[in-house]
Amino acid sequence: MRQLSFAGTEFTVPQPLLDAVTSPYFGADGGNVESPIWFCALEPGKGFTQERPCSPKSFFGIHDEKRLYLKPPKNPKNIQEAFINHDGASVVSGSPLVHQVFVLLLTAVLTGRLNCTHLFGKKVEEACINLIDEFQFFQKDRHGLILNAYPISLAKHVEGNTAWCTNQCVKISDNLAKFITLAEWTGMPKLKQYLEWCALTRHNYHTFTSIRRKFSPCLVYCGGRTDKENFFKMWIDSEDQRLLGEINEYEKFSIRSSTRASELNFEYVWLENGEDRSQTLLVNGPFFGPYRSSCLTDPITCELLGIKLRELLSEKFERRDLNERFSKFLPQGCREKYLIGD
């Protein structure tokens, strides 16, 4: 246990939780850290319950960047089978519809064009499985990396603070069937306090910024508008702040597709990664999947966003340089027919 002070409150945080928050790869869904395209979601999926409880052992996760890649079987029956960990034994957490969004975004950024907008329902999943097979997304030496902002998986994230304080999902002893709430275990009585503590800790420990500078991805897309401030705090450290100066507001853009009545809003900033290293486009926008009406769900919205992100990258990087960075992580067959979007 570690005694800490945050926002004027003294509390004791479990050491396994602190270790997880200061590891960039804990809770990651997987992929290739050398890929030029990264995603950062909110938390691992599934969620802790009494039937699937949290314990200190829950936070002994992947810390080796070389063990993050996925290794799905040949001819997967569904998109969940296409998201199998490198050990071949476990399925990556998260909803199949969230996985579809990752695939649609990746494909649109790489190709710069619409690919699945004419499809609906099961046809979208089938198309995404084919795209995974073609591009080998999230596999060794291929495109795509999925990280998560917060290490604790909430079974009922939409219930927010109520679930945090009442859901007794932490098993404090292997020998006793005794459960406590996440609020009791973490020492943080409010969910908002925990989320802000994670962001500040990742900021102070350079958890994400250290790997961003090491690998210099072209793009990091963070999904979740209500967590915008926390995302930017995690991915922008004191050195970035010194270089950027005082930021009153980030650059903005919006997207409206034929399937939506209102626009989706996005904010972004370009970050330096050091001398002789390319910059990273950090973007915050709606979450991946069908949880709210403001989330990324339908193919046309996902692909319009991917094309817009490609346009922003093309404004910063020369076409030849961007083509070389993207082509490096494509299978040979893809490279031969790969077309740069204009």
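Presented here is an overview of the structure given in this document. Note that the structure is a prediction, hence the values are computed from the model and not measured.

Cut-off values and rules
Residues numbered from 1 in each chain as written. Predicted model: local features only at pLDDT ≥ 70, side-chain atom pairs only at ≥ 80, totals over all residues. Heavy atoms only, no water. Helix = DSSP H or I, 4+ residues; strand = E, 2+ residues; numbered from the N terminus. Buried < 20%, exposed > 50% of the residue type's maximum accessible area, 1.4 Å probe, protein only. Lys, Arg positive; Asp, Glu negative; His and termini not counted. Salt bridge = Lys/Arg side-chain N within 4 Å of Asp/Glu carboxyl O. Polar contact = N/O pair within 3.5 Å; in protein donor to acceptor, adjacent residues only side chain to side chain. Contact = heavy atoms within 4.5 Å. Phe/Tyr/Trp six-rings, centres within 6.5 Å; stacked < 30°, edge-to-face > 60°. Lys NZ or Arg CZ within 6 Å of the ring centre and 35° of its normal. Disulfide = S-S within 2.5 Å. Expected span 1.5 Å × (residues − 1). Pairing = 2+ DSSP bridges.

1. Considering the environment of L70
Now for step 1: Looking at the secondary structure, you find L70 in the loop between β4 (37-41) and α2 (96-111).
Now for step 2: Owing to a relative accessible area of 2%, L70 belongs among the buried residues under this scheme.
Now for step 3: Taking the C-alpha atoms as reference points, L70 and K140, 70 residues apart in sequence, are found 7.1 Å from one another.

2. As for the side chain of R142
Now for step 1: Tracing the backbone shows R142 in the loop between α3 (122-135) and β5 (145-148).
Now for step 2: The buried charged residue R142 lacks any salt bridge, with D141 as its nearest oppositely charged partner at 6.2 Å.
Now for step 3: A distance of 2.9 Å separates polar atoms of two side chains, one belonging to R142 and the other to Q136.
Now for step 4: Not counting chain neighbours up to four residues away, the residues in contact with R142 comprise N32, S35, F135, Q136, F329, L330, P331 and R335.

3. Digging into the pattern of salt bridges
Now for step 1: Taken as a whole and assessed by the stated rule, the structure comprises 13 salt bridges.
Now for step 2: The shortest N-O distance in the salt bridge between K214 and E65 comes to 3.1 Å. Within this pair, whereas K214 is found in helix α7 (residues 207-215), its partner E65 is found in the loop between β4 and α2, the two being separated by 149 residues in sequence.
Now for step 3: Take K214: its relative accessible area is 44%, and that puts it in the partly exposed class.
Now for step 4: Taking the shortest distance from any N to any O, the salt bridge between E126 and K123 comes out at 3.9 Å. Of this pair, E126 and K123 both sit in helix α3, three residues apart, which is roughly one turn of the helix.
Now for step 5: One network of salt bridges, with partners in common, ties together R212, R213, D237 and D240.

4. Notes on the packing of aromatic side chains
Now for step 1: Scanning the model with the defined rule gives 19 aromatic pairs in all.
Now for step 2: The interplanar angle of 20° and the centroid separation of 4.0 Å between the aromatic rings of F232 and Y250 together place this pair among those described as stacked. Of the two residues, F232 is situated in helix α8 (residues 228-235) and Y250 in the loop between α9 (238-244) and β9 (251-255); the sequence distance between them amounts to 18 residues.
Now for step 3: For the pair W270 and F317, a centre-to-centre distance of 5.9 Å together with 70° between the ring planes defines the contact as edge-to-face. Of this pair, W270 sits in strand β10 (residues 264-271) while F317 sits in the loop between α10 (299-316) and α11 (319-327), and the two are 47 residues apart along the sequence. Summarising the burial analysis for this pair, W270 and F317 share the class buried.
Now for step 4: Put simply, the rings of F39, F83, F102, F135, F137, F138, Y221, F253, F266, Y268, F287 and F288 pair up and form one aromatic cluster.
Now for step 5: The ring of F253 has K308 lying over it, and the distance from NZ or CZ to the ring centre is 5.5 Å.
Now for step 6: Sitting over the ring of W270, K316 keeps its end group 5.0 Å from the ring centre.

5. Quick notes on the state of the cysteines
Now for step 1: Within this structure, the stated rule accounts for zero disulfides.
Now for step 2: Free of any disulfide, C165 has its nearest neighbouring cysteine sulfur in C169, separated by 11 Å.

6. Points about α10
Now for step 1: Between its terminal C-alpha atoms α10 stretches 26 Å, which fits the 26 Å expected from 18 residues at 1.5 Å a residue.
Now for step 2: Among the residues of α10, P299, I300, T301, C302, E303, L305, G306, I307, L309, R310, L312 and L313 are the ones counted as buried.

7. A few points about the sheet that holds β5
Hydrogen bonds between backbone atoms are what pair the strands of a sheet, whose relative direction is either parallel or antiparallel.
Now for step 1: Across the sheet, which stays open at both edges, the seven strands sit in the order β3-β5-β4-β8-β11-β10-β9 with mixed pairing between neighbours. Because the sheet does not close on itself, it has two edges, and the strands there are β3 (30-31) and β9.
Now for step 2: By the bridge criterion, five bridges tie β9 to β10 in an arrangement that is antiparallel. Within the sheet, the bridge partner assigned to S254 lies in β10 and is N265.

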